[in-house]
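Read off the chains here:
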Amino acid sequence: MNPEDRIQQLTQELNQHNYNYYVLDNPIISDYEFDMKLRELQQLEKQFPQLADANSPTQRVGGQITKNFKTIPHKYRMYSLSNAYSTQELEEWIQRVEKSVGQHAQYTCELKFDGASISLKYIHGKLAEAVTRGDGFQGDEITTNVRTIRSVPMQLNGSVPDELYVRGEIMLPLIGFQQINAEREELGLEPFMNPRNTASGSLKMQDSAEVAKRPLEAFMYSVQGQNLPFETQSEMLQFCRNSGFKVPDSAKLCHNIQEILDFIQYWDVNRQNLPYEIDGVVVKVNQLYLQNELGYTAKSPRWAIAYKFRAEQSQTRLNSITYQVGRTGAVTPVANLQPVLLAGTTVKRASLHNADIIQQLDVRLGDMVLVEKGGEIIPKITGVNLDLRPENAQKTEFIQHCPECNTELVRHEGEAAHYCPNEDGCPPQIKGKIEHFVSRKAMNIDSIGTETIALLYDAGLVNQISDLYDLTHQDILPLERMAEKSVNNIIDAIQKSTQIPFHKVLYALGIRFVGETVAKKLVDAFPNIDALMQASQSDLESVDTIGNRIAESVCNWFKNPNHQQIIEKLRNYGIQFVAEKSENISGILEGQTFLFTGKLTQFTRDEAKEMVEKNGGKLISSVTKNLQNLVVGENAGSKLKKAEQLGTVKILTEHEFLDLLNL
Ligand code: AMP
Ligand code: ZN
C-alpha cells in the first residue's frame, strides 16, 4: 500500500477507535494495539511530512506552542442565558413564552454543564477552528489545544453541511480534577480551586502537550449553520450525537411544566452521582421555528432559561482554625467546624485555602459560617452570617510562625500560600520528604510506610533521606510492631533501591517543581549528578521546557551545603547518579535523513537506527528525493544503484557514517 493510502487508513481507524473509547466509552482494541497504530502513523508522517494533516490523530498528543492566542469574531454571537432561581420564575417564563407565540410549546431540558464554553467550526466536516466564548462577540482561537481533547472529533461522521458551528462545554470531570490537584500538591504547587476554572485555564495553556495531559471532555449541545437537517432542539442533539460528538443522554423532551419540574427535581438530587459538575438545568423551547419567533434580548435568547440549583450549603459554627504544614512547607489553614450534615455526609472540617481567602471572607472564631460542597474533596467556606457574629469576635490573624518548628513563615512573591522555610529541620517537612523519597514512583521502598517513617523519625534514627542507608537490623527490630520478617523486608528494599535509575533518584530528592517529567528532562540534558550540580541557572534554563522558576529551585537546592552532604552520602552508598544511557547524545544529524543498505559489519541495524535517532537524524525506508544519506554495507544492491542514478544522495561507508558521529 502506498504511504498516502496507509496514512488515510490509519487515520480512519484511529479516529474510529478514539471515538469508541472516548465518546462511546466502549473500546474494542487494547491500548497497546492503539499505540502501535498511532506510532506507525507518527512514523509515516515524519517520513512524509507533506502528507501530515493538522487534523491527524497524532495531533491529539499536542506539542505545538501558542504564544499569543488570536482573537476571532464569532459568526453567530454566543449569548448568555437568563436565569431562574425558583419554580415560580420558571413558570412565569413559560407563560411569557407561550403567550408570545400564541401556542403551547414543547421543551427540551438539558443539564447545565459547569465548564468552559467553546465554539467549534467545521469546514467540509473537518475541524477548522475552536474559539472560546470571550465576550460573546469574539473569543480566543485555541484550536491546537482543543485538538488534544479526545472527545472532540477532528472529522465528522455522515454528510454534514459545508460550514458548521457546534457549541458546547469543555469539562474537567471530578476525578481528573482531583488527580491534577494531587499532582500539584506533590510538586509543592497550590491546588486549583474548582474544575471549571481548571478547565478554562487548561484551554489557555501555551503548550498543547500539557493540555493533552489534562483529561478534558467536550459535551456539545448546539449547532449553527445554513440548511441544517433538523427542526427541533432534540433533533439537534441527536444530529450532534450522530456526527460524532459526545452528548450526554440526560437531555429530555418535556411536554408540560410538570415534566420539567420533575426533571429539575430529579437532577437536583442525582447530580451528586454525576462524575462532573453541573450548576443547573437549561430549559429550551424545542421547536426551532418557535425559537426564531421568540428571538433574543440584548443578552440572551428568549427561548431558553437556566434554572440554577442552589449549592448544597449549610451553616455551622467555626470552632477553631488549625494550620497544617505539608511536605513542601506550605501552610494550609483548616477550619474546624461544629459537625453539620451536608449533602449526605457529616462535615467537621473545611479548607480555608490561604491568608487571602481568610481575609476576603473575614471569618472569625465563633462565626456562623456557610459551608458548601463543590468538586473538592474537602468542603469550603463561602461566607459568614454576620447577623449571628458573636460580640467582640476578633479579626483572624494568620499565624506568623510555623506551628511545628516555630520558624518564621515566608510568603513568596506572587503566591498566596505561606511557607515554613525550615526545609531540613521542620518535622512534617522532614517526614514528608522521606515519604516522598520512598514512594513507589521514586525509590520504591514500599515496605516503609507513613507510620514506620514516623517511628524511625521519633526514635531519632532517620533525620534525612540518606540516614535510611545507615539503618541496621538492630536499629529497627525494637520499634513498635516490627518483626524479623518486616525488618528483613525493609532492609532488602533499601538495598534494592540503590539500583533505581538516576532520573527517579532525582525525582525522589523532592526538589520543589521537579516532578517526574522535569526530572527526566534534566537527566537527558545533564546525564550525571556532577553535571547537574555544576549547571548554572542559565544552563538549566536552556533545557527545553525548563523555566526560570524550576531552574532557580534546582540551583538553590544544590547550593545548600546540607543537600550537598546528603548527595555525597548517597553517592557513597552507591545510589545511581549517572543516567543509564544518555538519551539524546547530540543534534549532529539534525534535519538529515538516512537509509542503510547491504550487510552491515560495524553495527547492527537496530544500533544504526538508534545512533541516527539519538543524534537528531531521521530514518527513511526507501530511496527517494527526500533521502540525503545512504550508508552502504557489503553487497549493496538495487538501493545503491537507484541512489547513484538519482545523483542527489550522499553515499557513505559504515566508517564514514561513524566518522560523522565522531565515533
Ligand atoms: P451563564 O454563563 O450563566 O450566562 O450561562 C450560559 C452558559 O451556560 C453558556 O454560555 C454555556 O456555556 C453554558 N451551558 C452549559 N450547559 C448548557 C446547555 N445544556 N445549553 C446551553 N448552555 C449551556
Ligand atoms: Zn516548620
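See the structure printed just above.
About the thresholds
Residues numbered from 1 in each chain as written. Chains lettered and ligands numbered in written order. Predicted model: local features only at pLDDT ≥ 70, side-chain atom pairs only at ≥ 80, totals over all residues. Heavy atoms only, no water. Helix = DSSP H or I, 4+ residues; strand = E, 2+ residues; numbered from the N terminus. Contact = heavy atoms within 4.5 Å. Lys, Arg positive; Asp, Glu negative; His and termini not counted. Charge placed at Lys NZ, Arg CZ, Asp CG, Glu CD. Buried < 20%, exposed > 50% of the residue type's maximum accessible area, 1.4 Å probe, protein only. Donors = N, O, S within 2.8 Å, 3.2 Å for Na, K, Ca; no water. Near = heavy atom within 4 Å. Polar contact = N/O pair within 3.5 Å; in protein donor to acceptor, adjacent residues only side chain to side chain. Areas by Shrake-Rupley, 256 points an atom, 1.4 Å probe, with all protein chains shown as cover. Nonpolar A, V, L, I, M, F, W, Y, C, P; charged D, E, K, R; others polar. Pairing = 2+ DSSP bridges. Axes fitted to C-alpha atoms, helices over the stretch in contact; angles between N-to-C directions. Parallel < 35°, antiparallel > 145°, perpendicular 65-115°, else oblique. Left-handed = near helix turned anticlockwise from the far one by under 90°. 1 Å grid on protein atoms, 1.4 Å probe; cavity = no way out; pocket = protein on both sides within 12 Å on 5 of 7 lines; lining within 4 Å. Points joined across faces, edges and corners; volume = space filled by probe spheres on them. Salt bridge = Lys/Arg side-chain N within 4 Å of Asp/Glu carboxyl O. Expected span 1.5 Å × (residues − 1). Arc of directions from axis to C-beta. Phe/Tyr/Trp six-rings, centres within 6.5 Å; stacked < 30°, edge-to-face > 60°.

Caption draft 1: Seen up close, the overall build of the protein chain. The helix and strand tally for the protein chain stands at 24 helices and 21 strands. The principal-axis extent of the C-alpha atoms belonging to the protein chain is close to 90 × 75 × 45 Å. When contacts within the protein chain are restricted to residue pairs at least 6 apart in sequence, long-range pairs at least 24 apart make up 67% of them. Put simply, the protein chain has 68 plus and 84 minus side-chain charges, and the middle of one group is 3 Å from the middle of the other.

Caption draft 2: Summary view of the environment of Trp-557. Turning to its location among the elements, Trp-557 is positioned in helix H20 (residues 548-559). The class of Trp-557 is buried, set by a relative accessible area of 6%. Placed 47 residues apart in sequence, Trp-557 and Gly-510 show a C-alpha to C-alpha distance of 9.7 Å. With near-sequence residues (within four places) excluded, Trp-557 lies in contact with Glu-423, Leu-509, Ile-511, His-563 and Ile-567.

Caption draft 3: Broad picture of the coordination of the zinc ion (ligand 2). In the first shell of the zinc ion (ligand 2), the protein supplies Cys-402 (SG), Cys-405 (SG), Cys-420 (SG) and Cys-426 (SG), at 2.2 to 2.3 Å from the metal. Mapped onto the polypeptide sequence, the residues donating to the zinc ion (ligand 2) form the spacing pattern C-x2-C-x14-C-x5-C. Of this pair, Cys-402 sits in the loop between strand S16 (380-384) and strand S17 (418-419) while Cys-420 sits in the loop between S17 and helix H12 (427-438), and the two are 18 residues apart along the sequence.

Caption draft 4: Structural detail: the site of ligand 1. Not every one of the 13 residues close to ligand 1 is listed here, only the nearest: Glu-110, Arg-133, Glu-169, Tyr-221 and Lys-284. Within the contact set of ligand 1, a nitrogen atom lies 3.0 Å away from a backbone nitrogen or oxygen of Leu-111. A distance of 3.2 Å separates an oxygen atom of ligand 1 from a polar side-chain atom of Lys-112. Protein burial of ligand 1: of its 490 Å² of free accessible surface, 84% is covered by the chains. Looking at the shell around ligand 1, the elements that each hand over two or more residues are strand S3 (107-113) and strand S10 (278-285). When grouped by side-chain class, the residues that make up the shell around ligand 1 number five nonpolar, two polar and six charged.

Caption draft 5: Structural view of the side chain of Glu-110. Here Glu-110 lies in strand S3. A polar contact is formed between the side chain of Glu-110 and the side chain of Gln-233, at a distance of 2.7 Å. Looking at Glu-110, its side chain comes within polar contact range of the side chain of Lys-284, at 3.0 Å. When neighbours within four sequence positions are excluded, Glu-110 is seen to be in contact with Tyr-221, Gln-233, Leu-237, Ala-251, Phe-263, Val-281, Val-282 and Lys-284.

Caption draft 6: Looking closely at the pairing of strand S5 (residues 126-132). In terms of burial, S5 is largely enclosed, as five of its seven residues are buried. With antiparallel pairing between neighbouring strands as the criterion, strand S4 (residues 116-123) and S5 make up a hairpin whose turn holds two residues, including His-124 at a positive phi of roughly 45°.

Caption draft 7: Representation of the packing of H12 against helix H13 (residues 450-458). At a minimum axis separation of 10 Å, H12 and H13 run at an interaxial angle of 130°. One element, H12, and the other, H13, form an angle in the oblique class. The handedness of the crossing between H12 and H13 comes out as right-handed. In this structure, H12 uses Pro-427, Ile-430, Lys-431, Ile-434, Glu-435 and Val-438 to contact H13, whose residues at the interface are Thr-450, Ile-453, Ala-454 and Tyr-457. A per-class count over the contact of H12 with H13 returns seven nonpolar, one polar and two charged.

Caption draft 8: Focus on empty space enclosed by the protein. All chains considered together, the criterion is met by three cavities of 30 Å³ or more. Here the largest cavity defines a volume of roughly 60 Å³. In terms of lining residues, the largest cavity is bounded by Glu-110, Leu-111, Phe-113, Met-220, Tyr-221, Leu-237, Val-247, Pro-248, Ser-250 and Ala-251. No other element matches the three residues that S3 contributes to the lining of the largest cavity. Split by residue class, the lining of the largest cavity holds eight nonpolar, one polar and one charged. If you add up the space inside the second largest cavity, you get close to 40 Å³.

Caption draft 9: Layout of the sheet that holds strand S18 (residues 593-597). Here we have four strands laid out as an open sheet, ordered S19-S18-S20-S21, and parallel in their pairing. Looking at strand neighbours, the two that pair on one side only are strand S19 (618-619) and strand S21 (650-653), the edges of this open sheet. Relative to strand S20 (residues 629-632), S18 runs parallel, the two sharing four bridges. Residue Phe-596 lies in a different strand from S20, and its bridge partner there is Val-631. Where helix H22 (residues 605-614) meets the sheet, it contacts S18 and S19, and its direction lies at approximately 170° from that of S18.

Caption draft 10: Region of interest: the pattern of salt bridges. A complete count under the given rule lists 22 salt bridges for this structure. In this structure, Lys-112 engages Asp-279 in a salt bridge whose closest nitrogen and oxygen atoms are separated by 3.6 Å. Of this pair, Lys-112 sits in strand S3 while Asp-279 sits in strand S10, and the two are 167 residues apart along the sequence. In terms of burial, Lys-112 and Asp-279 fall into one category: buried. Taken together, the salt bridges that share partners define one network made up of Asp-362, Arg-364, Asp-367, Arg-389 and Lys-395.

Caption draft 11: Focus on helix H21 (residues 561-572). Relative to the 16 Å expected for 12 residues at 1.5 Å per residue, H21 spans 17 Å between its end C-alpha atoms, a close match to the ideal helical length. Those residues of H21 that fall on the buried side of the exposure criterion are His-563, Ile-566, Ile-567 and Leu-570. Mapping the buried residues of H21 onto a view down its axis gives an arc of 100°, with all of them on the same face. Turned more than 90 degrees off the buried face of H21, the exposed positions are Pro-561, Gln-565 and Asn-572. The N-terminus of H21 is capped by Asn-560, whose side-chain oxygen sits 2.8 Å from the backbone nitrogen of Asn-562. In the stretch just after H21, Gly-574 is the one whose phi turns positive, near 90°.

Caption draft 12: Spotlight on the packing of aromatic side chains. Taken as a whole and judged by the stated rule, the model has 22 aromatic pairs. Their ring planes at 85° and their centres at 5.6 Å tell us that Tyr-122 and Phe-245 sit as a pair that is edge-to-face. Of this pair, Tyr-122 sits in strand S4 while Phe-245 sits in the loop between helix H8 (233-243) and strand S9 (252-254), placing them 123 residues apart in sequence. Of the two residues, Tyr-122 and Phe-245, both sit in the buried class.

Caption draft 13: Quick look at the sheet that holds strand S11 (residues 304-308). Read from one edge of the open sheet, five strands run S2-S11-S10-S3-S9, paired in mixed fashion. The open sheet has two edge strands, strand S2 (83-84) and S9, and neither has a second partner. Contacts from helix H9 (residues 257-270) reach S3, S9, S10 and S11, with the element oriented near 20° to S3.

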